[in-house]
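As a plain string of letters, each chain reads:
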Amino acid sequence: MNYTKDSTLRQVLQSPLGSDVISRVLQSLQKPLRLVDNPVVGNLRLRQLPGLTRGLVDEEFLCALLTLLNADDTPKISVIPTPPAPAWWKESVFYQIYPRSFCDASGDGVGDLPGIRTKLDYLQALGVDVLWLSPIYDSPNDDMGYDIRDYQKIMAEFGTLEDFDALLADVHSRGMRLILDLVVNHTSDEHAWFQSSLHAPDGPYGDYYLWRDGTPDAPPNNWDSFFSGSAWTWYPERGQWALHLFSKKQMDLNWDNAAVRRDVASLVCWWLDRGVDGFRMDVINLISKAPGLPNGSKLVGGLMGITGIEHYFYGPHLHEYLRELCQNSFDRYNVVTVGETPGIGRETGALMTHESRGELDMIFNFDQLETPGHARWDDYAYDLRYLRTYYTDWQRRYPAGCWMPLFFENHDNPRMVSKVRPDGVWRTEVSKLLLTLQCTLRGAPFLYQGQELGLGNTKFAAISEVRDVEALNLYAELRKTMDDAAALAKLNAGCRDHARTPMPWTAQGPGYGFTGGTPWLRMPDDAPTHNAEAAEADAASVLHYARAVIALRRQYREALVYGSFTPLGRSKDVFAYLRAGGGQTLLVELNLTGTPARRCRQVRGRCLLANCTLGEGRMRPYEAAVYLVTEAAR
Ligand code: ISL
């Protein structure tokens, strides 16, 4: 279908992209998607929107939307509730390691590969199947390894290729797997490709990056960098601008150049031949940029917090490039791929991951990390009740041939327990509740290091304690209009360093078993109380619960991995659902609030696991329990 300004909202909703965009806009306005089911709203034509929304939706936005809608006419993937096809990675529990902060064997204050090796017993006992390592490649660390200088070399602080091979062999010998982080939207400006591109524009790498003509005082367009300021840097050596969507040292590759795509596929195969079991793929949806790199709409910029994004978050060749990469690398191996895809919604996500499409196995959608109307830098208490709406929707509407990752934390976000309860109350219960959700919904649980200890945020008292480039740039920006205390308060709300503080293994400071040296980033405030040693000794700890709920997922695999999902009850406070398969039915019942709630009365069963002593009457605050259903009440 050809979309024009005369298309109705209902027609736009039929397109995967249109549906995702409308959902996102409504979500940021805190309006329900069913608004569009209203015949009057559904029949509105696009051209009416600027007038009706008093300019909130403007002409520029409509033009950008129409270009995107008309670029791809693939229909939505229909939701046919068939049992999912089995795959090893669907049965796996993933665990993300931030190597810099996991375990330091060398004593230099920075985590390393030999350190990870010493913790494999711990990880195996936890029950996780796949380890995902954040980047371990050679890097100048402007963005802590997400700026790669050499894809075939290990970062000196982390060890050597021999250390890597030894780690991989140890992981495999335990029946576990290991995936790496593939960062190929951009490279470091110190990568040999970029250096050659910069100094030899007519050489073989001259066209490997996004160079544009202009004068030093006017960037080629108005795109923002995700890390503050313009997305362009002027290079006098070449007399041109180069694009960097992230820091000034993370230069975007030109994926329209077939040689770039060939080189990426071959470096992927190099690692796969070494034995790695797959990749998490950094901002992989950003690789295809709109031809001509047009200016971004101010409206979208305001809504999304970044100008220009509509021209590359779902670019014209995205599917084609992913398919090509898959054919030339992943398809030849039995591996898993997880795309990190900021801005991609459920319908476009299904197009990127459906088993019939040959692109990716899963994508990270981040919509569950903030409640509607909020963004990461907002200081607010996360209302867990949103998860009931969010997951009910995804579990029912994400097609059977797709698989979703289930996660609340990673190295880019504050700790979820602190978002839910900034006051620290009910920390243990909330941690266990989140783990219960992750291990009992349909999808792949991704735990982030320290989550199993119930670690919370750390208060950064001065900017000198912060290491992350995003936060440092933002702080500099904020200080133009705010005092130090106000800027720090903003940073403390959303800073990525909360999740990057090193793992406390023992109760002994100052290194808490992470290092014998000085840690590269301060230890978490929680280290004296929330460390692996203390957790091991306490049968009621989050760690013991994490082991139990992971084991439960394995024991009831037919129901909890492959089984059906049926939500129960109408209360907004309680998320209750059945998972059924292999002749067994499990009931999961979660009180999403900090006050007692009515129990779900429809089903009776034997309690297999709970995060508290179950009360006789009402559910306790944040109570989480899993039952084996023996009898369904009428
Ligand atoms: O979209 C976002 C909101 O600003 C970001 O959270 C975005 O998803 C994220 O910054 C992308 O993250 C990944 O790529 C970055 C790197 O700094 C992150 O650590 C990585 O996870 C650039 O490589």
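Preceding block: the structure.
Residues numbered from 1 in each chain as written. Predicted model: local features only at pLDDT ≥ 70, side-chain atom pairs only at ≥ 80, totals over all residues. Heavy atoms only, no water.

## Looking at the layout of surface pockets
Of the volumes computed, that of the second largest pocket is approximately 1300 Å³. Along the wall of the second largest pocket there are 37 residues; nearest its centre are P32, L33, Y386, T389 and Y390. (1 Å grid on protein atoms, 1.4 Å probe; cavity = no way out; pocket = protein on both sides within 12 Å on 5 of 7 lines; lining within 4 Å. Points joined across faces, edges and corners; volume = space filled by probe spheres on them.)

## Points about the packing of helix 8 (residues 161-173) against helix 10 (residues 258-274)
Viewed as axis vectors pointing N to C, helix 8 and helix 10 meet at an angle of 55 degrees, and their least axial separation amounts to 11 Å. Taken together, helix 8 and helix 10 sit at an angle that is classed as oblique. Within the contact between the two elements, helix 8 uses L161, F164, D165 and L168 and helix 10 uses W270, W271 and R274. Taken together, the residues of the contact of helix 8 with helix 10 break down into five nonpolar, no polar and two charged. (Axes fitted to C-alpha atoms, helices over the stretch in contact; angles between N-to-C directions. Helix = DSSP H or I, 4+ residues; strand = E, 2+ residues; numbered from the N terminus. Parallel < 35°, antiparallel > 145°, perpendicular 65-115°, else oblique. Contact = heavy atoms within 4.5 Å. Nonpolar A, V, L, I, M, F, W, Y, C, P; charged D, E, K, R; others polar.)

## Looking at the state of the cysteines
Per the counting criterion, the structure on display carries zero disulfides. The structure places no disulfide on C600, whose sulfur is separated from the nearest cysteine sulfur, that of C607, by 14 Å. Assessed through its relative accessible area of 12%, C600 is described here as buried. (Disulfide = S-S within 2.5 Å. Buried < 20%, exposed > 50% of the residue type's maximum accessible area, 1.4 Å probe, protein only.)

## With respect to the site of the ligand
Neighbouring residues of the ligand: 17 residues in total, closest D143, H186, D282, H411 and D412. Protein chains bury 84% of the 510 Å² of accessible surface belonging to the ligand in isolation. A per-class count over the shell around the ligand returns six nonpolar, three polar and eight charged. (Near = heavy atom within 4 Å. Areas by Shrake-Rupley, 256 points an atom, 1.4 Å probe, with all protein chains shown as cover.)

## What about the sheet that holds strand 11 (residues 278-281)?
The parallel open sheet is built from eight strands, whose spatial order is 13-12-11-5-2-1-15-14. What marks the edges here is a single partner per strand, and that holds for strand 13 (362-364) and strand 14 (405-406). As paired elements, strand 14 and strand 15 (residues 444-448) share two bridges and run parallel to each other. Bridge assignment links P405 to a residue of strand 15, and that residue is A444. In this fold helix 8 packs onto strand 2 (130-133) and strand 5 (177-182), with an angle of close to 135 degrees to the strand it touches most, strand 5. Running at roughly 145 degrees to strand 15, helix 16 (residues 427-440) makes contact with strand 14 and strand 15 of the sheet. (Pairing = 2+ DSSP bridges.)

## Thoughts on the packing of aromatic side chains
Under the counting rule described, the total for this entry stands at 37 aromatic pairs. Residues F102 and W505 carry aromatic rings whose centres are separated by 5.1 Å and whose planes lie at 90 degrees to one another, so their mutual orientation is edge-to-face. Of this pair, F102 sits in the loop between strand 1 (94-97) and helix 6 (113-118) while W505 is found in the loop between helix 19 (497-500) and helix 20 (532-537), placing the two residues 403 residues apart along the sequence. The class of F102 is buried, set by a relative accessible area of 0%. Seen in terms of ring centroids, F575 and Y577 are 4.7 Å apart; in terms of plane orientation they differ by 55 degrees. Their pairing is tilted. (Phe/Tyr/Trp six-rings, centres within 6.5 Å; stacked < 30°, edge-to-face > 60°.)

## Concerning empty space enclosed by the protein
Here the structure, examined in full by the defined rule, presents seven cavities of 30 Å³ or more. Within this model, the largest cavity holds a volume of roughly 260 Å³. What lines the largest cavity is a set of 18 residues, among which V21, R24, V300, M304 and F313 lie closest to the centre. When contributions to the lining of the largest cavity are tallied by element, the ones reaching two or more residues are helix 2 (16-28), helix 5 (59-71) and helix 11 (298-304). Considered class by class, the residues forming the lining of the largest cavity number 12 nonpolar, three polar and three charged.

Note that all results are geometric; they support no functional claim without further evidence.
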